[in-house]
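A look at the structure
Here are the chains, one letter per residue:
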Amino acid sequence: MTSDFAEMTLSDYLAQGGRLTSPGNVPPRYRAELLKIMATFVDSNLAGAAGFADMINSAPGIKARGAAARIVAEKLANADRVLTLMGEFGADTDRYVRQHPWDTRLERSADIGATRIEHDMRLAVFNYPFTSWADSVVMNLLMGTAVCVQLEELRQVSYQPLAEAFRDILKIEEHHAALAVEGARVLALETAELQPSVDYWMPRVAVSFGIGDAGRLEQLKAMGLRHIENTALKSDWMERMRPILAELGLRTA
Amino acid sequence: MARFHELEVTDIHKTIRDAVVVTLKPSEPEAFAFTQGQYLTFRRDFDGEELRRSYSICAGTDEGKLQVGIKRVDGGAFSTFANEELKVGDTLEAMPPMGRFFTELEPDAGKNYLGFAGGSGITPVLSILKTTLAREPRSTFTLVYANKGVASIMFREELEDLKNTYMGRLSVIHILETDAQEIDLFTGLVTEEKVGQLFRSGFLDTDATDTAFICGPEPMMLGIAAGLKAAGMAEDQIKFELFASAQPGRLAKRVISKEAGKTANEAQIVVTLDGATRTVAASKQLSVLDAARAENLDAPYACKAGVCSTCRCRVLEGEVEMVTNHALEDYEVEKGYVLSCQSFPVTDKVVVDYDQ
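What comes next concerns the included structure. What you see is a predicted model, and the numbers here were worked out from it, not measured in a lab.

Quick look at empty space enclosed by the protein
One pass over the structure, following the stated rule, counts four cavities of 30 Å³ or more. Considered as a void within the structure, the largest cavity measures approximately 50 Å³ in volume.

Written out as structure tokens, the structure is:
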């Protein structure tokens, strides 16, 4: 890397699929949008891990508890990986984790749509509390696949260090999604009542794909930070969920 | 947060007419252990303004030395200084090595690597190929190296020596923009088409390639990446290092507004975001970020605690008080950057820009 040549504007380069590689070569607006994407991921994982950690002791057996603990540990490791990249832009990474109570939740009956609560960027779905182990498995079942769909898109992000992180994280999330399917199968065999949880979580997970703002998406696309419409991602997720839910004898909400 | 360390210049020599290779001895050597392909960020004061520039390390990790290559750029203050004034015994300041332009090495692996370098983009690629050939005795490396002409090829002799040292494991294809060569294919620019021709004519082989490294100017990186993908390589087999650094424009120092300092409780905040400028009137009790968002401006933020730096903007006129700052460095603050979530208007008029 050297400060040589200037044959092409950075926006042309990005519009043609170019990659940026270090904090030193990102322009200001790109920096801000990139940090927002990273903060959303980090906050969602910190909040998700904090929420699921409370469920470990509710898991039925040692295996399930171990799997839940492992999922929590890996979500924290994933958050750490992306927070480290934020640190390279100047973020104080220790303080970032400490400055906020990640385990707080709203009332189960709260209805906040896609809005974020005031002081963090977690996806809205991570603001709702679980009612039981089965409820948390259903949420993980739905959200696990949603995260995979979202990461499959984000691994093409034009900031190469983040694209590489997301590629590795996707493999871990695919495993988490598979564990959730396994957990749900066990519960289904025990004839647990899962449908109310599906009805509760499905619309809330669907909202995590974002509400369409075409102008904003175009802006992010031009920077190579996004590539696919929110609605297309959401229908991809619905398509994938349908057979999984059907196998478990559940209906889509 | 990374900090700057002092390094002494122990050797400096020209590799071509307008590029120097600088050998450095860090005052704290353990902070400067590096991985092949990483870069150093230097800082230096020019006419009262701090400039930061990054240059890739060109030494291999087993050479026992820290060396960077700096090519002079027209109008580039740091590169001109390095080429014309820097001498042995001088002290430079740099942050510890950074960057991810490398793959893990495995001593038992027998891999085939492809490197593409344009001009001074050779520096990190040279570090990678030297380290790889030394650490992975069964691996091969093919370098496609683009330059204007023979006279502008950095490290030409060193590459010849390496070919002899690693007989049969290192091949170098020079592509020259203006100088004619025996093989027509080796003249011109390295474009997507050229990459395709190199594959079809057998000079390169994607099937056998494990990883490709590309460092050069933007159009070249795009062309090569497209060529490699067309030849069947996957995204995760291609590593990029972008050449240019976004140069924050040198703007006039911020102006303190003449009618500043009055004691009104309300401030006029002029906000530029995505190329559009709007004026919002807001209480001085409201942060610049909240004032902008209250008027439906989509100003960026994440943590709202002065920790993450997402909401950074530049104050061009007037004065704000930044109550918390855990993210911006002193030099950024000196240039007028603030965390808008933590900044409250002091003067009656404040002009901020999120686009700088």
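Looking at the sheet that holds strand β4 (residues 49-56) of chain B
Residue and element names in this part refer to chain B. Here we have six strands laid out as an open sheet, ordered β4-β3-β6-β1-β2-β5, and antiparallel in their pairing. Looking at the sheet topology across the chains shown, the edges are occupied by β4 and β5 (66-71). The sheet shows a mean angle of 45 degrees between the axes of neighbouring strands, direction not considered. As defined by bridge partners, strand β3 (residues 39-46) adjoins β4 across eight bridges and the pair is classed as antiparallel. Bridge pairing in β4 places T41 opposite S54.

Some details on the packing of aromatic side chains
Applying the stated criterion across every chain, the model contains 20 aromatic pairs over all chains. Aromatic side chains F101 of chain B and F213 of chain B sit 5.5 Å apart centroid to centroid with 90 degrees between the ring planes, which places their arrangement in the edge-to-face category. Of this pair, F101 of chain B sits in the loop between β6 (91-94) and β7 (112-118) while F213 of chain B sits in strand β10 (residues 211-216), and the two are 112 residues apart along the sequence. Residue F101 of chain B shares its accessibility class with F213 of chain B, and that shared class is buried. Members of the aromatic cluster, connected to one another through ring pairs, are F52, Y128, F130, W133, Y200 and W201 of chain A. Of note, R108 of chain A hangs over the ring of Y200 of chain A, and the distance from its end group to the ring centre comes to 3.5 Å.

What about the pattern of salt bridges?
Applying the stated criterion across every chain yields a total of 41 salt bridges over all chains. With a shortest N-O distance of 2.9 Å, D168 of chain A and R81 of chain A are connected by a salt bridge. In this pair, D168 of chain A is assigned in helix α6 (residues 160-189) and R81 of chain A in helix α3 (residues 62-87), connecting sequence segments 87 residues apart. Under the relative-accessibility criterion, R81 of chain A is labelled partly exposed at 35%. The closest approach of N and O atoms between K239 of chain B and E164 of chain A, which form a salt bridge, is 2.6 Å. Placement of K239 of chain B in strand β11 (residues 238-242) and of E164 of chain A in helix α6 is noted, with the two residues assigned to different chains.

Re the sheet that holds strand β13 (residues 276-283) of chain B
Residues and elements named next belong to chain B. If you trace the five strands from one edge of the open sheet to the other, you get β13-β12-β18-β14-β16, paired in mixed fashion. Each of the sheet's edge strands pairs with one partner strand only, and the pair in question is β13 and β16 (337-339). On average, each strand axis in the sheet is inclined to that of its neighbour by 35 degrees, with strand direction left out of account. Here strand β12 (residues 266-273) runs beside β13; their pairing, made up of eight bridges, is antiparallel. Looking at the pairing, Q268 lines up with A281 of β13.

Points about the nonpolar core
Formed by 140 residues in total, the largest nonpolar core has its most connected members in M86, Y96, L162 and W237 of chain A together with F116 and L228 of chain B. No other element matches helix α5 (residues 133-154) of chain A, which puts 14 residues into this core. Residues lining this core come from more than one domain, with at least three contributed by each of domain 2 (112-242) and domain 3 (266-353) of chain B. Judged by nonpolar contacts, the second largest core, of 27 residues, contains C58, L143, L162 and Y166 of chain B.

Remarks on the side chain of S127 of chain B
All names here are of chain B. Residue position: S127 is located in helix α2 (residues 122-135). What makes S127 buried here is its relative accessible area of 0%. Dropping the residues within four chain positions of it, S127 is found in contact with F34, Q36, G37, I57, C58, A59 and G60.

Section: the pairing of strand β18 (residues 349-353) of chain B
All names here are of chain B. With four of its five residues buried, β18 lies for the most part within the structure. Strand direction decides the pairing type here: strand β14 (residues 312-317) and β18, joined by three bridges, are antiparallel. Opposite R314, over in β18, you have D353 as the bridge partner.

Observations regarding the packing of α2 of chain B against helix α3 (residues 156-165) of chain B
All names here are of chain B. Contact pair α2 / α3: the axes reach a minimum separation of 12 Å and the direction vectors enclose 15 degrees. As summarised for this structure, α2 and α3 are arranged roughly parallel, according to the angle between their axes. Crossing of α2 over α3 shows left-handed handedness. Along its contact with α2, which presents L126, L129 and K130, the element α3 presents E158, L159 and L162. Tallied by class, the residues present in the contact of α2 with α3 amount to four nonpolar, no polar and two charged.

So, unusual backbone geometry
Residue and element names in this part refer to chain B. For D274, which is not glycine, the phi torsion reads 50 degrees and is therefore positive. As for its placement among the helices and strands, D274 is situated in the loop between β12 and β13. A residue is classified by how much of its surface remains accessible, and D274, at 39% relative accessible area, is partly exposed.

Looking at the pairing of β4 of chain B
Among the eight residues that make up β4 of chain B, seven are buried, leaving the element largely enclosed by the rest of the structure. With antiparallel pairing between neighbouring strands as the criterion, β3 of chain B and β4 of chain B make up a hairpin whose turn holds two residues, including D47 of chain B at a positive phi of roughly 50 degrees.

So, a negative patch on the surface
A cluster of acidic side chains, namely D45, D47, D330 and E334 of chain B, defines a negative patch on the protein surface. As for its position among the elements, D45 of chain B is in strand β3.

About the cut-offs
- Residues numbered from 1 in each chain as written.
- Chains lettered and ligands numbered in written order.
- Predicted model: local features only at pLDDT ≥ 70, side-chain atom pairs only at ≥ 80, totals over all residues.
- Heavy atoms only, no water.
- 1 Å grid on protein atoms, 1.4 Å probe; cavity = no way out; pocket = protein on both sides within 12 Å on 5 of 7 lines; lining within 4 Å.
- Points joined across faces, edges and corners; volume = space filled by probe spheres on them.
- Pairing = 2+ DSSP bridges.
- Helix = DSSP H or I, 4+ residues; strand = E, 2+ residues; numbered from the N terminus.
- Axes fitted to C-alpha atoms, helices over the stretch in contact; angles between N-to-C directions.
- Phe/Tyr/Trp six-rings, centres within 6.5 Å; stacked < 30°, edge-to-face > 60°.
- Buried < 20%, exposed > 50% of the residue type's maximum accessible area, 1.4 Å probe, protein only.
- Lys NZ or Arg CZ within 6 Å of the ring centre and 35° of its normal.
- Salt bridge = Lys/Arg side-chain N within 4 Å of Asp/Glu carboxyl O.
- Core = buried A, V, L, I, M, F, W, Y, C linked by side-chain atoms within 4.5 Å.
- Domains from an automatic or database assignment.
- Contact = heavy atoms within 4.5 Å.
- Parallel < 35°, antiparallel > 145°, perpendicular 65-115°, else oblique.
- Left-handed = near helix turned anticlockwise from the far one by under 90°.
- Nonpolar A, V, L, I, M, F, W, Y, C, P; charged D, E, K, R; others polar.
- Patch = residues over 30% accessible without salt bridge, like charges linked within 9 Å, V, L, I, M, F, W, Y side chains within 5 Å.
- Areas by Shrake-Rupley, 256 points an atom, 1.4 Å probe, with all protein chains shown as cover.
- Lys, Arg positive; Asp, Glu negative; His and termini not counted.
- Charge placed at Lys NZ, Arg CZ, Asp CG, Glu CD.

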